[in-house]
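Survey of secondary and tertiary structure
If you want the building blocks of each chain, they are given just below.
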Amino acid sequence: MRVFVTGASGWIGSAVVPELLAAGHEVVGLARSDESARALAEAGAQVRRGSLDDLGSLRTGAEEADGVIHLAFKHDFSDYAGAGRTERAAVETIGKELEGSDRPFLFASGVARLAAGRIATELDPSPFSGPDTPRGGGETLALAYADRGVRTVALRFPPTVHGDGDHGFTATLVNIARQRGASGYVGDGANRWPAVHRLDAATAVRLALDNAPAGSVVHAVAEEGIATRDIAEVIGRGLDLPVVSIAPEDAAEHFGWIAQFFALDAPTSSALTRERLGWTPTGPGLLVDLPHYLR
């Protein structure tokens, strides 16, 4: 299958590309910079220059592909509304191009805020719809194309997709601990973060491309929920820093933009994904992997 991948040189995408190539797929990656283009070419993928703002490049990439995996997102938390609008426009552009073709359209989403006070499952619909909701309501919009002849599949990732070389949420928490001289958690730290190793996430994406039906939801979640206090304790121990509770009203000042995510309680099941796709995560857990962040 010829697969067009956005975010192909990103943290998850750079693991998905070799996974797809090893399975015999042909990959065309979207690249907005020379550096990204070189990385994709070195990995064995073809390159299409463009960006999320260049809807023409998205349209052409989808037109020429047998399927699309949309992993790119503008992680600009200073303009999260703008990032959502960009995401919505990208989803709509790709969806319209694939309409009536029965081609697969896999897209990145998240598990945060799916269910309050219980474990979220693949059966929980996204609570967000409309351009002014998180990620522009992209998941709800994209899944609607399942009724228009597109094999849409939501790829829901946990807050931390971890691994050696990660510069995302977990690395941010480590940097904040270094800057603050203490490893913090919010409140009593009982709120839980689901997690997955990057290579396990890539395997889930490849299995979903090959087997997930139209309108389905995939939870790329290996660990259902890790108490944020446990995360803070491993960071503190590794950096030889005190581990402290941060009052919820002080969390934004202490943690900055990541406070809204680190305070979430988002336990998430992937039981249906494992059963439907035969996915079995094998990578190390987050607490085992954390020492890579503390070098």
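What you see is a predicted model, and the numbers here were worked out from it, not measured in a lab.

Take helix H3 (residues 55–63) next. Every α-helix winds through 3.6 residues per turn, so residues three or four apart in the chain are directed the same way. By the burial criterion, the buried members of H3 are Ser57, Leu58, Gly61 and Ala62. Down the axis of H3, the buried side of the element spans an arc of 130°, and every buried residue falls inside it.

Spatial strand order, E3-E2-E1-E4-E5-E6-E10: 7 strands in an open sheet with parallel pairing. Each edge of the open sheet carries a strand with a single partner, namely strand E3 (46–49) and strand E10 (216–219). Ignoring strand direction, the axes of neighbouring strands in this sheet form an average angle of 20°. With 4 bridges joining them, strand E1 (residues 2–6) and strand E4 (residues 67–70) adopt parallel strand pairing. Paired with Val5 across the strands is Ile69, a residue of E4. Contacts from H3 reach E1, strand E2 (26–31), E3 and E4 within the one sheet, and its direction differs from that of E1 by about 160°.

So, about the packing of helix H1 (residues 13–22) against helix H7 (residues 198–211). The N-to-C vectors of H1 and H7 enclose an angle of 50°; their axes lie 8 Å apart at closest approach. In this view, H1 runs oblique relative to H7, as classed from their interaxial angle. For the pair H1 and H7, the sense of crossing is right-handed. Judged by residue contacts, Ser14, Ala15, Val16, Glu19 and Leu20 of H1 engage Arg198, Leu199, Ala202, Thr203, Val205, Arg206 and Leu209 from H7. Its residues assigned to classes, the contact of H1 with H7 comprises 7 nonpolar, 2 polar and 3 charged.

Grouped together as the largest cluster of nonpolar side chains are 34 residues, with contacts concentrated most on Ile69, Leu71, Leu155 and Phe157. Elements with a contribution of two residues or more to this core: E1, H1, E2, helix H2 (34–43), strand E5 (104–110), strand E6 (151–157) and H7. A total of 7 residues in this core trace back to one element, the largest contributor, which is H7. Apart from residues lying up to four places away in sequence, Leu71 is in contact with Val5, Thr6, Gly7, Ile12, Gly13, Val16, Ala108, Leu155 and Phe157. The next biggest cluster of nonpolar side chains, apart from the first, holds 28 residues, and it includes Trp193, Ala195, Val234 and Leu239.

All right, on to the packing of aromatic side chains then. In total, this model carries 7 aromatic pairs according to the counting rule given. Centroid distance Phe169 to Trp193: 6.1 Å. Interplanar angle 35°. Geometry classified as tilted. In this pair, Phe169 is assigned in helix H6 (residues 169–180) and Trp193 in strand E9 (residues 192–197), connecting sequence segments 24 residues apart. Accessibility expressed as a relative area gives 17% for Phe169, which makes it buried. Residue Trp193 is classed as buried on the basis of its relative accessible area of 0%. Judged by centre distance (5.0 Å) and plane angle (40°), the ring pair of Phe169 and Phe261 falls under tilted. With Phe169 in helix H6 and Phe261 in helix H10 (residues 259–262), this pair connects stretches of sequence that are 92 residues apart. Ring pairing ties together the aromatic residues Phe169, Trp193, Phe255, Trp257, Phe261 and Phe262, which thus form one cluster. Positioned over the ring face of Phe73 is Arg135, at 4.1 Å from the centre of the ring. Here Arg198 stacks its cationic end above the ring of Trp11, 4.5 Å away from the centre of that ring.

For the rest of this paragraph, the subject is the sheet that holds strand E11 (residues 223–227). Strand-to-strand pairing in sheets goes through backbone hydrogen bonds, with the strands running parallel or antiparallel. Spatial ordering of the open sheet is given by E7-E9-E11, a layout of 3 strands whose pairing is mixed. The open sheet is flanked by strand E7 (160–162) and E11, the only strands paired with a single partner. Sheet twist, expressed as the mean angle between neighbouring strand axes with direction ignored, is 40°. Strands E7 and E9 of the sheet are contacted by H7, whose axis makes an angle of about 75° with E9.

With respect to the helices, strands and loops of the structure, Leu264 is situated in the loop between H10 and helix H11 (271–277). Taking relative accessible area as the criterion, Leu264 reaches 16% and is therefore assigned buried. For the pair Leu264 and Ala116, spaced 148 residues apart in sequence, the C-alpha to C-alpha distance is 9.8 Å. Excluding residues that lie within four positions of it along the chain, Leu264 makes contacts with Ala112, Arg113, Asn191, Arg192 and Trp193.

With that settled, consider the pattern of salt bridges. Enumeration over the complete set of coordinates arrives at 9 salt bridges. One salt bridge in this structure joins Glu26 and Arg2, with 2.6 Å as the shortest N-O distance. Of this pair, Glu26 sits in strand E2 while Arg2 sits in strand E1, and the two are 24 residues apart along the sequence. A relative accessible area of 22% means that Arg2 is categorised as partly exposed. Asp124 is the salt-bridge partner of Arg118, the closest N and O atoms lying 2.6 Å from each other. On the basis of relative accessible area, Arg118 is assigned to the partly exposed category, the value being 42%.

Thresholds, definitions, all that
Residues numbered from 1 in each chain as written. Predicted model: local features only at pLDDT ≥ 70, side-chain atom pairs only at ≥ 80, totals over all residues. Heavy atoms only, no water. Buried < 20%, exposed > 50% of the residue type's maximum accessible area, 1.4 Å probe, protein only. Helix = DSSP H or I, 4+ residues; strand = E, 2+ residues; numbered from the N terminus. Arc of directions from axis to C-beta. Pairing = 2+ DSSP bridges. Axes fitted to C-alpha atoms, helices over the stretch in contact; angles between N-to-C directions. Contact = heavy atoms within 4.5 Å. Parallel < 35°, antiparallel > 145°, perpendicular 65-115°, else oblique. Left-handed = near helix turned anticlockwise from the far one by under 90°. Nonpolar A, V, L, I, M, F, W, Y, C, P; charged D, E, K, R; others polar. Core = buried A, V, L, I, M, F, W, Y, C linked by side-chain atoms within 4.5 Å. Phe/Tyr/Trp six-rings, centres within 6.5 Å; stacked < 30°, edge-to-face > 60°. Lys NZ or Arg CZ within 6 Å of the ring centre and 35° of its normal. Salt bridge = Lys/Arg side-chain N within 4 Å of Asp/Glu carboxyl O.

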